[in-house]
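In case you want the letters, here they are:
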Amino acid sequence: MTNLSSADGPAFVGSPETGGHRNREKNRNNNKNNKNNKNNTGRKPSAYQKGRTMKTKTVLAWVGIVLPMVVAIGVRAADDPPKAAAESINKAFALLKAGDGAAAARYFPSRPGTDPVEDMKPAIDQFKSGKISLAVSDSREDGEPQYEGKPLSHWVAELKSVRGEREKAAALALIRTGSAAIPALTELLRGKDDELRRVAAKILREMGSTAIPALTELLKDTDREVRGLAIDVLASIGPEAKAAVPALGKLLADKDHEFRAAAARAIAAIGAMSSEAEAVIPALKELLKDEEVRIVAAAALGRVGEVKTAVAFLAELLKDRDGKVRCDAANVLGQIGLEAKTAIPALTELLRDKDAFVRMVAAGALGGMGPAARTAVPAMTELLKDTEGQVRSATARALGGIGPEAKPAIPALAELLRDQDKEVRLVAAEALARIGAAETAMPALIELLRDQDTKVRLAAAEALSRIGVAKAAIPALIELLADKNPVARAVAARALGEAGPAAKAAVPALGKLLADKESVVRTAAAGAIGEMGAMGPETEAVVPVLRELLKDEEDHDSHCCR
């Protein structure tokens, strides 16, 4: 008997020992209560009942993110959910117990052709984070685990032979079965069906630490493809796979450079700064001499605690004759981030590189170091004039990453707001929003509110909202309230709200948005009017609409939860 429920609460499903008998009694009582409720449908609900209904709606909205798993495996909130949630879950489970599979199926995502594991990921993430816990009896027949009354072999066969909704159910069954399903999944990895291999790899990844021993063993497999898949899955599991680091370390000496590189990448992804990692540091340092793997090895060293060694080595590679090497080294330094700040002078020098791609990556690396890269701002400001649009946009984005310390670049960024490349205009507006206090950029930002590109208009409105809306921007923002894009309408409304009473001329247009079909727009408009305060005749016309809006449950909830 396997009990996966937490110690502080009863299971919803299972044998008598895990509370199954009690729940069957509860379900019968719930059915009686439901019949009584049907007989009382003609009565006017009390205030208490209305409150319970609202509470139930709230709970069901929360439970909605885990419904793909609710019906099949039984879910309960880890933090003692409200009674309404428990009743909802028991009712859902009762559909399967009653054999009504058609009714139960509505709780599963109905997206034919989509990845079964990806569809279940929200529920799996909730389970991993401890927000929900599971409790299911692990019944067995002839030693084989069963799920929903069917043996493991049935679900493996389903996964092999079907696609769509039944494939999702099979994948879910294997995830639920846990360690008992791992031998079958490893066999699928050894098979020749690439699609099945992909799904099996994703299921093993979602199993996390449970699958680590089997994946570690697969690193010794004679099949090259199987070893490669095992490395990739361990890398995607991340820090949870630290127990596999010693085994991955052995592959650092593999005769195939692709496996040496893949093992180093996996160690970097796991990033275990622990006793497991200490054992592989000498091998990683040795790989710094290997031209085919050295940059990946340096990245791994940075992730297992040898940051100084990695940064010093990569900074030297920034001077390499090969442009690709310079580019890759700069990229890894950017990934290391602030801990690589000693390389800022070398990266600043790289902004003048003859290779445009190297210049772009060097700028991005500097942006990733935040305010510490302020000494590079003059050289980056000069790079905003680069002939390559990608370099200009990468540099603008990087300056935004440096933040307020990049204020000297504001005039040059303001010039980019009129750039012919829409991507450059977009990124320049976003950078100005992050840097702030850009009064000199106001005229160009106001012009962008009428840009042909929707994303550019949005970025300009957002920038004005964060910098501070000038009086001259209000007419253009009012125009943006009529934009066909609902996000643009909402952002414009919020920006006008930031302007406060100075934007009272926008109240009539905002009043019209109170009837917008999108709740996010209605909420933004109501919030903006509220920010403007009582202003007499302009507000009087929208008061009745605001009163009606208070009855709109969707708007009320979204406004309260902002």
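Asks: Mind showing me how you'd approach the overall build of the protein chain here?
Replies: Along the protein chain, the regular secondary structure elements total 34 helices and 5 strands. Residues counted as buried form 52% of the 562 residues belonging to the protein chain. For the protein chain, the share of sequence-separated contacts (at least 6 apart) that also reach a separation of at least 24 residues comes to 64%. Carbon and sulfur atoms make up 53% of the accessible area of the protein chain, which amounts to about 27,700 Å² in all.

Asks: Looking at this model, I keep getting lost on helix 19 (residues 323-336). Mind explaining?
Replies: The periodicity of an α-helix, 3.6 residues per turn, causes residues three or four positions apart to be oriented the same way. Between the first and last C-alpha of helix 19 there are 20 Å, a value that for 14 residues agrees with the 20 Å anticipated at 1.5 Å per step. Against helix 17 (294-303), helix 18 (307-317), helix 20 (344-350) and helix 21 (356-367) lie the buried residues of helix 19. Regarding helix 19, its N-cap is aspartate 322, as a side-chain oxygen of that residue lies 2.8 Å from the backbone nitrogen of lysine 324 further along. Following helix 19 by one or two positions, glycine 337 adopts a phi angle in the positive range, close to 80°.

Asks: Hey, could you run me through the pattern of salt bridges in this one?
Replies: Side chains bearing opposite charge may pair, as long as their charged atoms lie close to each other. A complete count under the given rule lists 25 salt bridges for this structure. One salt bridge in this structure joins aspartate 290 and arginine 260, with 3.0 Å as the shortest N-O distance. Here aspartate 290 is found in the loop between helix 16 (281-287) and helix 17, whereas its partner arginine 260 is found in helix 14 (residues 257-270), with 30 residues between them in sequence. The same class applies to aspartate 290 as to arginine 260, namely buried. Where glutamate 423 meets arginine 397, a salt bridge forms, and the shortest distance between an N and an O atom there is 3.4 Å. In this pair, glutamate 423 sits in helix 25 (residues 422-435) while arginine 397 sits in helix 23 (residues 389-402), placing the two residues 26 residues apart along the sequence. Assessed through its relative accessible area of 35%, glutamate 423 is described here as partly exposed. Classification of arginine 397 by relative accessible area gives partly exposed; the value is 44%. Salt bridges sharing partners connect three or more residues here, namely Glu187, Arg190 and Asp221.

Asks: Explanation requested: the nonpolar core in the structure shown.
Replies: Soluble globular proteins tend to pack their nonpolar side chains together in the buried interior. Leu284 and Leu413 are the most contacted members of the largest nonpolar core, which totals 167 residues. Apart from residues no more than four positions distant in its own chain, leucine 284 is found in contact with Leu252, Ala264, Ile267, Ala297, Ala300, Leu301 and Val304.

Asks: Can you walk me through the packing of helix 17 against helix 19 in this structure?
Replies: The axes of two packed helices give the description: the angle between them and the distance between them. Running from amino to carboxyl end, helix 17 crosses helix 19 at an angle of 10°, the nearest separation of the two axes being 10 Å. Between helix 17 and helix 19, the angle falls in the class roughly parallel. Residues Arg294, Ile295 and Ala299 of helix 17 touch helix 19, and the partners they reach there are Val325, Asp328, Ala329 and Val332. Of the residues assigned to the contact of helix 17 with helix 19, the class counts are 5 nonpolar, no polar and 2 charged.

Asks: Help me understand helix 14, please; the structure alone is not making it clear to me.
Replies: Over its 14 residues, helix 14 extends 20 Å from the first C-alpha to the last, a length consistent with the 20 Å expected when each residue adds 1.5 Å. Of all 14 residues in helix 14, 10 are buried, a share of seventy percent or more. Those residues of helix 14 lying buried are Phe259, Arg260, Ala261, Ala262, Ala263, Ala264, Ala266, Ile267, Ala268 and Ile270. The secondary structure elements touched by the buried residues of helix 14 are helix 12 (224-237), helix 13 (245-250), helix 16 and helix 17. One side-chain oxygen at the N-terminal end of helix 14 lies 2.8 Å from the backbone nitrogen of glutamate 258; it belongs to aspartate 256. Note on helix 14: the residue one or two positions beyond its end, glycine 271, has a positive phi of about 55°.

Asks: Would you mind showing me how to read the side chain of aspartate 419 here?
Replies: Checked against the element boundaries, aspartate 419 lands in the loop between helix 24 (410-416) and helix 25. At a separation of 3.0 Å, a polar atom in the side chain of aspartate 419 contacts the side chain of arginine 392. Contact partners of aspartate 419, with chain neighbours within four places excluded, come to Arg392, Val424 and Arg425.

Asks: Hey, could you run me through the confidence of the model for the protein chain in this one?
Replies: Segments scoring low in pLDDT should not have their predicted coordinates read at a detailed level. Per-residue pLDDT for the protein chain has a mean of 75; in total, 67% of the residues score no lower than 70. Confidence, expressed as mean pLDDT per element, reaches its minimum in the protein chain at strand 1 (residues 75-77) with 35 and its maximum at helix 22 (residues 377-383) with 97. Predicted confidence for residues 126-141 stays below pLDDT 50, and this span has 55 contacts to residues more than four positions away or in other chains. This stretch, residues 553-562, has a pLDDT under 50; its non-local contacts, to residues over four places away or in other chains, come to 15 contacts.

Asks: Got a minute to help me understand the side chain of arginine 489 in this structure?
Replies: Secondary-structure assignment places arginine 489 in helix 29 (residues 486-499). Here aspartate 516 takes part through its side chain, which lies 3.0 Å from a polar atom of the side chain of arginine 489. Excluding its chain neighbours within four sequence positions, the residues that come into contact with arginine 489 are Leu480, Leu481, Asp483, Lys484, Leu513, Asp516, Glu518 and Val521.

Asks: Mind showing me how you'd approach the environment of glutamine 452 here?
Replies: Along the chain, the position of glutamine 452 falls in the loop between helix 26 (442-448) and helix 27 (454-467). On a C-alpha basis, the gap between glutamine 452 and lysine 422 in space is 9.2 Å, while along the polypeptide they are 30 residues apart.

Asks: What is the right way to read the environment of leucine 417 from this model?
Replies: Mapped onto the secondary structure, leucine 417 falls in the loop between helix 24 and helix 25. A C-alpha to C-alpha distance of 9.2 Å links leucine 417 and alanine 460, two positions 43 residues apart in sequence. Filtering out sequence-adjacent residues up to four positions away, leucine 417 remains in contact with Arg425, Ala428, Ala429, Leu432, Ala441, Ala444, Leu445 and Leu448.

Scoring rules and cut-offs
Residues numbered from 1 in each chain as written. Predicted model: local features only at pLDDT ≥ 70, side-chain atom pairs only at ≥ 80, totals over all residues. Heavy atoms only, no water. Helix = DSSP H or I, 4+ residues; strand = E, 2+ residues; numbered from the N terminus. Buried < 20%, exposed > 50% of the residue type's maximum accessible area, 1.4 Å probe, protein only. Contact = heavy atoms within 4.5 Å. Areas by Shrake-Rupley, 256 points an atom, 1.4 Å probe, with all protein chains shown as cover. Expected span 1.5 Å × (residues − 1). Polar contact = N/O pair within 3.5 Å; in protein donor to acceptor, adjacent residues only side chain to side chain. Salt bridge = Lys/Arg side-chain N within 4 Å of Asp/Glu carboxyl O. Core = buried A, V, L, I, M, F, W, Y, C linked by side-chain atoms within 4.5 Å. Axes fitted to C-alpha atoms, helices over the stretch in contact; angles between N-to-C directions. Parallel < 35°, antiparallel > 145°, perpendicular 65-115°, else oblique. Nonpolar A, V, L, I, M, F, W, Y, C, P; charged D, E, K, R; others polar. pLDDT = per-residue confidence, 0-100.

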